[in-house]
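Close look at the chain arrangement
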Amino acid sequence: MHKLDDNRAWLLVVPVFALVAFNAVIPLMTVVNYSLQDIFGPGQRVFIGVEWFREVLRDPTIQASFLRQVAFSALVLAIQIPLGIAIALLLPRVGWKSSLAIILIAIPLLVPFNVVGTIWQVYARPDIGLLGRGINAIGIDYNYTSSAVSAWITLLLMDTWHWTPLVILLAFAGLCSIPEPYYQAARIDGASRWAVFRHIELPKLRGVLTIAILLRFMDSFMIYTEPFVVTGGGPGSSTTFLSVRLVNMAVGQFDLGPAAAFSLIYFLAILLFSYVFYTILKMNEGEP
Amino acid sequence: MTVIETRLATDAPARAAFPTRRLVAACVLGAYLIFQALPVYWIVRMSLMTPGNVMGRSDFLPVEPTFDNYRTIFTDPTWYMSFLNQLAYVCLNTAISLAVALPAAYAFSRYRFLGDKHVFFWLFSNRMAPPAVFLLPFFQLYSAVGLFDTPWAVALAHTLFVVPLAVWILEGFMSGIPREIDETALIDGYSLPRFFVTIFMPLIASGIGVTAFFCFMFSWIELLLARTLTSVDARPLVATMTRTASSSGMDWGLLAAAGVLTILPGVAVIWFVRNYIAKGFALGRV
């Protein structure tokens with residue numbers, strides 16, 4: 001759409017700007033402060049420059065959790081984005097069946113993080129959980145408190161259960177907005193189902209998928225409550241993701257300085273990845 | 001089953017080819033819905049059992065079903081008040097977020113202005129701050145302004161990650177409305193605020209509904225900030241649940257019942273927006 005050039009539009013953005021600035025900038029500056037100082041107690045602090053940053057970047061346990069985190073987010077995107085699109089394609093688009101399907105699909109989204117953890121902690125237990133018993137019953141040895149592979153499977157299943165609905169809802173909304181003539185033209189040309197998907201549906205989904213990928217990336221990269229509740233970062237440190245490691249440092253050891261430096265690096269990493277995704281997805285926009 | 005296939009199925013020559021495909025599609029969808037439903041069923045089942053039975057039995061159906069857990073929640077003020085507290089800040093958050101996001105989304109959808117793209121990405125970047133270490137500064141900030149342990153603190157703090165999404169969704173809906181409507185109304189002598197409230201907002205009512213749903217959802221499920229910014233008076237249900245879990249051992253039946261209750265308000269909200277979810281917010285920015 002053609003837009004007017006008018007800097008007075010800023011007046012309409014000021015409320016959002018002020019609110020978000022209040023919430024974001026003041027806490028951010030506090031964290032920047034912590035990260036540059038060594039704090040012994042009230043009023044006793046020494047400026048130490050980038051010492052904490054150096055310490056955090058050299059910590060092998062943090063490097064390990066970073067790699068773990070990247071692997072987890074990559075798996076989450078690789079599973080949930082295709083699955084979400086596939087399910088959205090299968091959903092009925094009109095009538096009461098469509099409404100019913102939307103409601104059923106959306107339910108996991110409305111479960112608070114800690115409740116998600118509680119559900120899966122019991123659901124996946126090999127002795128009293130349906131999932132745990134089911135997997136063991138078909139002859140696979142599965143116990144998320146003793147095997148790292150099982151713990152990862154549990155967390156991936158849980159995250160897929162919780163967040164694929166978001167991808168489905170976004171993709172479904174995108175599909176519903178494709179005008180009917182596109183499909184008619186495809187039918188006249190005798191296009192195959194795959195061709196319709198590849199050349200009509202997928203390009204039209206670009207906008208919503210960009211948002212879906214960004215949201216899923218950010219939230220999976222910051223996942224905290226669910227692994228904390230379900231596996232507590234274990235067994236060993238196999239599910240100690242970045243947030244879990246960060247909270248151990250900030251709350252467990254009360255090392256505010258290094259923890260603040262850690263969270264700034266963490267923040268910058270997410271920002272960088274998101275910007276890369278955003279740029280790549282924008283770059284191919286010209287393609288038909 | 002996609003629209004195109006159902007429509008093709010009515011064409012006589014195509015009819016024979018499609019039953020198997022429809023069947024496969026229905027099976028896949030059914031399997032996915034079962035995958036989604038089972039964990040929810042499991043928590044409902046737990047909520048109907050005594051703690052002893054939860055830990056001891058693995059039968060598919062509830063063992064010795066009882067409503068005792070729900071009775072406890074509805075008779076104990078710490079439980080039902082925390083449920084109301086959570087509803088209070090989530091509704092406040094939804095109202096604040098919509099109030100600030102509507103004008104901003106209008107600006108992004110109608111005007112080009114200095115730094116518009118950067119502001120948009122900056123708004124979004126605030127979703128990316130790992131909450132763990134930001135909890136302490138948030139606590140200090142809201143204590144300093146005297147809002148600690150009120151619904152306002154949580155409602156305002158949650159706008160940080162809710163508002164960017166609200167702006168994006170609303171902007172998508174608004175961009176679907178042709179600008180000629182704005183221009184006609186302004187020529188007819190409407191002021192911008194009056195036009196916005198009396199003409200424009202009814203046109204994007206479905207978008208506002210969908211946005212309200214997403215605001216509600218993201219605020220409802222958040223735990224860390226809600227727990228940090230409250231202590232007794234405004235403590236939400238999610239915080240009461242974690243405290244029960246840590247102080248007196250795990251009462252799984254009670255936790256499960258509280259968990260089931262946390263799902264219900266969201267289901268009510270989505271019931272209202274079920275028909276709007278699909279309508280055109282794919283048109284937006286990005």
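Residues numbered from 1 in each chain as written. Chains lettered and ligands numbered in written order. Predicted model: local features only at pLDDT ≥ 70, side-chain atom pairs only at ≥ 80, totals over all residues.

It is worth spelling out the overall build of chain A at this point. If you tally the helices and strands in chain A, you get 13 helices and 3 strands. Looking at chain A residue by residue over its 288 residues, the buried ones come to 44%. Sequence separation of 24 or more characterises 70% of the internal contacts of chain A that already satisfy a separation of 6 or more. (Helix = DSSP H or I, 4+ residues; strand = E, 2+ residues; numbered from the N terminus. Buried ≥ 20, exposed ≤ 12 C-beta atoms within 10 Å, placed from the backbone. Contact = placed C-beta atoms within 7 Å.)

Looking only at helices and strands, chain B has 14 helices and 1 strand in total. Within chain B, the proportion of its 286 residues that are buried is 45%.

Core analysis: the largest hydrophobic core is formed by 162 residues, its most contacted members being A171(A) and V167(B). If you tally residues by element for this core, the top one is helix α8 (residues 151-175) of chain B, at 18 residues. Excluding residues that lie within four positions of it along the chain, V167(B) makes contacts with V16(A), A101(B), A104(B), A105(B), F108(B) and L123(B). (Core = buried A, V, L, I, M, F, W, Y, C linked by C-beta atoms within 7 Å.)

Now for the environment of M128(B). Here M128(B) is to be found in the loop between α6 (116-125) and α7 (131-144). Among the residues examined, M128(B) registers 22 C-beta atoms within 10 Å and is labelled buried. Distance from M128(B) to F161(B), taken between C-alpha atoms, is 8.5 Å for residues 33 residues apart in sequence. Setting aside residues no more than four positions away along its own chain, M128(B) makes contact with M218(A), F267(A), I270(A), L271(A) and S274(A).

If you check helix α10 (residues 206-221) of chain A, its first and last C-alpha atoms are 22 Å apart, about what 16 residues at 1.5 Å a residue would give, namely 22 Å. Extensive coverage of α10(A) is indicated by the burial of 14 of its 16 residues. (Expected span 1.5 Å × (residues − 1).)

All names here are of chain B. Where helix α4 (residues 68-75) contacts helix α14 (residues 252-273), the two axes come as close as 9 Å, and the packing angle between them is 70 degrees. With respect to α14, the axis of α4 lies roughly perpendicular. Our pair here, α4 against α14, has a crossing hand that is right-handed. Where α4 approaches α14, its residues N69, Y70, T72 and I73 are matched on the opposing element by G253, L254, A257, A258 and L261. (Axes fitted to C-alpha atoms, helices over the stretch in contact; angles between N-to-C directions. Parallel < 35°, antiparallel > 145°, perpendicular 65-115°, else oblique. Left-handed = near helix turned anticlockwise from the far one by under 90°.)

Next up on the list: the interface of chain B and chain A. Contact residues are listed per partner, giving 82 residues for chain B and 78 residues for chain A. Here 2 bridges tie strand β1 (residues 4-5) of chain A to strand β1 (residues 111-112) of chain B, and the two strands are oriented parallel to one another. Counted as the bridge partner of L4(A) is Y111(B) from β1(B). (Pairing = 2+ DSSP bridges.)

All names here are of chain A. The domain boundaries assigned to chain A delineate domain 1 (1-49) and domain 2 (61-286). Here the C-alpha centroids of domain 1 and domain 2 sit 29 Å apart. If you list the elements that add at least two residues to the side of domain 1 that touches domain 2, you get α1 (10-36) and β2 (37-41). Broken down by element, the side of domain 1 that touches domain 2 gets its largest block of residues, 4 residues, from α1. Residues belonging to the side of domain 1 that touches domain 2 are distributed by class as follows: 4 nonpolar, 2 polar and 1 charged. (Domains from an automatic or database assignment. Nonpolar A, V, L, I, M, F, W, Y, C, P; charged D, E, K, R; others polar.)

This part is about the environment of S274(A). Within the secondary structure layout, S274(A) lies in helix α13 (residues 256-283). Classification of S274(A) as buried rests on a count of 21 C-beta atoms within 10 Å. Note: C-alpha distance between S274(A) and I48(A) (226 residues apart in sequence) is 30 Å. Once you skip the residues sitting within four places of it in the chain, S274(A) turns out to touch L214(A), F217(A), M218(A) and M128(B).

Residues and elements named next belong to chain B. Segmenting chain B into domains produces domain 1 (3-47) and domain 2 (76-283). At the junction of the two partners, domain 1 supplies 4 residues and domain 2 supplies 6 residues. Its residues assigned to classes, the side of domain 1 that touches domain 2 comprises 3 nonpolar, 1 polar and no charged.

As a further point, take the confidence of the model for chain A. Considering every residue of chain A, the mean pLDDT works out to 83; 95% of them sit at 70 or more. When mean pLDDT is compared element by element in chain A, helix α3 (residues 60-90) of chain A scores highest at 91, while β2(A) scores lowest at 71. (pLDDT = per-residue confidence, 0-100.)

Here the focus is helix α5 (residues 77-110) of chain B. Relative to the 50 Å expected for 34 residues at 1.5 Å per residue, α5(B) spans 49 Å between its end C-alpha atoms, a close match to the ideal helical length. Remark: the principal bend of α5(B), roughly 30 degrees, maps to A101(B), with a proline, P103(B), within the next four residues. (Bend = angle between axes of the 7 residues up to and from the residue.)

Residue and element names in this part refer to chain B. For the pair α8 and helix α11 (residues 205-221), the least separation of the axes is 9 Å and the interaxial angle reads 160 degrees. With respect to each other, α8 and α11 are oriented roughly antiparallel. Here α8 and α11 pass one another in a crossing that is right-handed. Taken together, the residues of α11 that come into contact with α8 (itself represented by H158, F161, V162, L165, A166, I169, L170 and F173) are G207, V210, T211, F214, C215, F218 and S219. A class-by-class count of the residues in the contact of α8 with α11 yields 11 nonpolar, 4 polar and no charged.

Attention now moves to unusual backbone geometry. Residue and element names in this part refer to chain B. Within the chain, D149 stands out as a residue other than glycine whose phi angle is a positive 65 degrees. Along the chain, the position of D149 falls in the loop between α7 and α8. A count of 17 C-beta atoms within 10 Å places D149 in the partly exposed class.

In low-pLDDT regions, the fine details of the predicted coordinates are not to be read closely. Residue and element names in this part refer to chain B. A residue-level look at chain B finds 87% of positions with pLDDT of 70 or above and a mean pLDDT of 81. Of all helices and strands in chain B, the one with the weakest mean pLDDT is helix α1 (residues 3-9) (46), whereas α5 scores best (90). Counted against residues more than four places away or in other chains, residues 1-16, with its pLDDT under 50, gives 17 contacts. A low-confidence stretch, residues 280-286 stays under pLDDT 50, and its non-local contacts, those more than four residues away or across chains, total 33 contacts. For this predicted complex, the interface score ipTM comes out at 0.82, while the overall pTM is 0.85.

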